[in-house]
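Examining the three-dimensional arrangement
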Amino acid sequence: MPAVTRTATVVILDFGSQVSQLIARRTREANVYSELLPHDTPWAEIVKRNPAAIILSGGPESTLGPDAPDCAPDVFTSGIPLLGICYGMQLVAKKLGGTLVPLAHSEFGPAILTVDARDCPLFLGVPAQSRVWMSHGDTVTAPPPGFSVYAHTERSAVASIGDAARRIYGVTFHPEVVHTEAGTAILQNFLHEVAAIAANWEMASFVDDAIARIRGEVGTANVICALSGGVDSAVAATLVSRAIGKQLTCIYVDTGLMRRDESAGVLAAFRDVLHLNVIAIDAEERFLARLAGITDPEEKRVRIGHEFIAIFEEESKKIADVQFLVQGTLYPDVIESKTPGSKAGHKIKSHHNVGGLPEHMALGLIEPLRELFKDEVRKVGKVLGLPDAIVMRQPFPGPGLAVRIIGEVNRESIDTVRAADWIVTSEIDAAVELSPRPWQYFAVLTPVRSVGVMGDGRTYANLVGVRAITSEDGMTADWARLPHDLLARISTRIVNEVPGVNRVAYDITSKPPATVEWE
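No experiment lies behind these values; they were computed from the predicted model shown.

Examining the overall build of the protein
Broken down by element type, the protein carries 15 helices and 18 strands. Taken against the 2.2 N^0.38 rule, which gives 24 Å for 519 residues, the C-alpha radius of gyration of the protein at 25 Å falls within 12% of a compact globule. In terms of its C-alpha atoms, the protein occupies a principal-axis envelope of roughly 75 × 60 × 45 Å. Pairs at least 24 apart in sequence give 74% of the contacts found in the protein among residues at least 6 apart. Put simply, the protein shows about 21600 Å² of open surface, and 52% of that area lies on carbon and sulfur atoms.

Structure representation (structure tokens):
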């Protein structure tokens, strides 16, 4: 094994795979820092990251097509260790002189991988045969000059290739997904055996680097931070506070869209526990006016995002030399909102703090958590010494209850969903026997009305949906298998305690195909 001597960034070039972010996640789980960049990122930008290795992701296109996505030529000639996954392997083969052909029938789903070269560093410790996950329509029939074939499946004679001298490897399957049994071992072999990267990146390292970057970017300017009350903004605010101290002023905007008793609890936590300088703004009337008559979920998110920014910019003028705005944007927000940095992906919905931002802002953005997943943010919070009451708090969307009301947002609909949500939250919080505990749980007010019988009389009232999920990072989720008696208590309380509701439904849809929130 080569001497493990350096810690650096692994650059992952994204060719549009739906699971590209999992490559970044698996890399970080191997205690190696990674960044996901668009496939056509200029070489000069890649070099700025000082990459210790480069990984090419999969993608939906064919390398044989006339407009096949490509990357900088230096990727293949730099001498930096390179791993191509699926489309990435096919691109390696195409660029370096291999032969590719389209399959008569695309290969999707499970396959059995047979390792033909047990001494290949990519497959050290990997069983001779194991299940892998395929998703490709083209195949390599002959590797480039200097490359060897290391593995095959029943339908792919060339399932892995490599040139040990140049430290360039490829696999036609997806090692990043859980369906590939030895996927973690294969990725770790590339990182540690091939690229000789030390497994010593930790959240403490991220915190130190982030603090240094923030200090360098901000200088002597003042900064305001948007506090939503959730773990993301709390961690972002604390991180920036560690970097610049009294230069930071936090602004908590009470939109009128928060959960029961939330605003008072948030302010107490930020002022008394985190000891942050917090200004509270009562903006309920402003947000209700902006949302009046709006039923389209994208328009709701955009209007909320614009109103937040308008308030922050107004408040910034009251503080001398404010040049930056801090937000708790996370990596899943960026992916779903499809920002310009995620060219190959598809937009799912605009997050108020990403796709909902106006094109022109007077303040520069500081988003120290932008490359992290939710569970990684919790780890940062623990490194910063935040209490569990803040770090382990269940996620709550920035637009608040507005995206838990299907249809128009007004005081009546807010009061209804807030009351139902309180019942859902309190009952699940009190159910100590749950294992695993749900990651997120809430109520949704739907525009569906149905006939019911209450007090021997006919009712025609609203349907409330209940959503509870299990997840690690919010990128994927499964519906929580709550006990039937718990669901019965929730339903009974909602129809008896919340005016205007006579029916409750439980959402048993995973993500994908659904998202966590209904809007």
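Next comes the rest of the description.
Focus on the side chain of Asp-138
Its place among the elements puts Asp-138 in strand β6 (residues 129-142). Despite its burial, Asp-138 pairs with no opposite charge, the nearest such side chain being Lys-94 at 8.7 Å. Within polar-contact distance, the side chain of Asp-138 engages the side chain of Ser-62 at 2.4 Å. For Asp-138, the residues in contact, after removing those within four places along its chain, are Ser-62, Thr-63, Leu-64, Gln-90, Val-101, Pro-102 and Leu-103.

Observations regarding the layout of surface pockets
The computed volume of the second largest pocket comes to approximately 460 Å³. Residue lining of the second largest pocket: 22 residues in total, with Arg-259, Glu-262, Val-266, Ala-389 and Arg-393 positioned closest to the centre. Looking at the lining of the second largest pocket, the elements with two or more residues in it are α8 (262-273), α13 (388-391) and α14 (411-430). Top element by residues in the lining of the second largest pocket is α8. It accounts for six residues. When the residues that make up the lining of the second largest pocket are grouped by side-chain class, the tally is ten nonpolar, five polar and seven charged.

Considerations on the confidence of the model for the protein
The share of residues in the protein with pLDDT of 70 or more is 92%, and the mean pLDDT across the chain is 88. Predicted confidence is poor over residues 1-6, with pLDDT under 50, and the contacts of this stretch with residues over four places away or in other chains come to 15 contacts. Ignoring residues within four places in sequence, the model shows residues 337-358, a span with pLDDT below 50, making 68 contacts including any to other chains.

A look at the packing of helix α9 (residues 284-291) against helix α10 (residues 297-316)
Orientation of α9 relative to α10, taken along the N-to-C sense of each, is 145°, at an axis distance of 10 Å. As α9 packs across α10, the resulting crossing turns out to be right-handed. Across the interface between the two elements, Arg-286, Phe-287, Arg-290 and Leu-291 of α9 pack against Lys-300, Arg-303, Ile-304, His-306, Glu-307, Phe-308, Ala-310, Ile-311 and Glu-314 of α10.

Re the pattern of salt bridges
Per the stated rule, a full pass over the model turns up 31 salt bridges. Salt-bridge contacts for Arg-259 lead to Glu-262; the nearest nitrogen and oxygen are separated by 2.9 Å. Residue classification places Glu-262 among the buried residues on the basis of a relative accessible area of 7%. Residue Asp-421 pairs with Arg-404 through a salt bridge whose shortest N-O separation is 3.8 Å. In this pair, Asp-421 is assigned in helix α14 and Arg-404 in the loop between α13 and α14, connecting sequence segments 17 residues apart. Across this residue pair, the class does not change: Asp-421 and Arg-404 are buried.

Focus: unusual backbone geometry
Ser-435 connects to Pro-436 through a cis peptide bond whose omega is 0°. Tracing the sequence through the fold places Pro-436 in the loop between α14 and β15 (440-454). Phi at Asp-261 takes a positive value of approximately 60°, unusual for a residue other than glycine. Look at Asp-261 and you get exposed, because its relative accessible area is 56%. Despite not being glycine, Asp-321 shows a phi value in the positive range, around 55°. Among the structural elements, Asp-321 can be located in the loop between α10 and β13 (322-326). Asp-321 gets classed as partly exposed once you look at its relative accessible area, which sits at 42%.

Some details on the environment of Asp-272
Looking at the secondary structure, you find Asp-272 in helix α8. In sequence terms Asp-272 and Gly-407 are 135 residues apart; their C-alpha atoms lie 37 Å from each other.

Conventions we followed
Residues numbered from 1 in each chain as written. Predicted model: local features only at pLDDT ≥ 70, side-chain atom pairs only at ≥ 80, totals over all residues. Heavy atoms only, no water. Helix = DSSP H or I, 4+ residues; strand = E, 2+ residues; numbered from the N terminus. Rg over C-alpha atoms; globule rule 2.2 N^0.38 Å. Contact = heavy atoms within 4.5 Å. Areas by Shrake-Rupley, 256 points an atom, 1.4 Å probe, with all protein chains shown as cover. Buried < 20%, exposed > 50% of the residue type's maximum accessible area, 1.4 Å probe, protein only. Lys, Arg positive; Asp, Glu negative; His and termini not counted. Salt bridge = Lys/Arg side-chain N within 4 Å of Asp/Glu carboxyl O. Polar contact = N/O pair within 3.5 Å; in protein donor to acceptor, adjacent residues only side chain to side chain. 1 Å grid on protein atoms, 1.4 Å probe; cavity = no way out; pocket = protein on both sides within 12 Å on 5 of 7 lines; lining within 4 Å. Points joined across faces, edges and corners; volume = space filled by probe spheres on them. Nonpolar A, V, L, I, M, F, W, Y, C, P; charged D, E, K, R; others polar. pLDDT = per-residue confidence, 0-100. Axes fitted to C-alpha atoms, helices over the stretch in contact; angles between N-to-C directions. Left-handed = near helix turned anticlockwise from the far one by under 90°.

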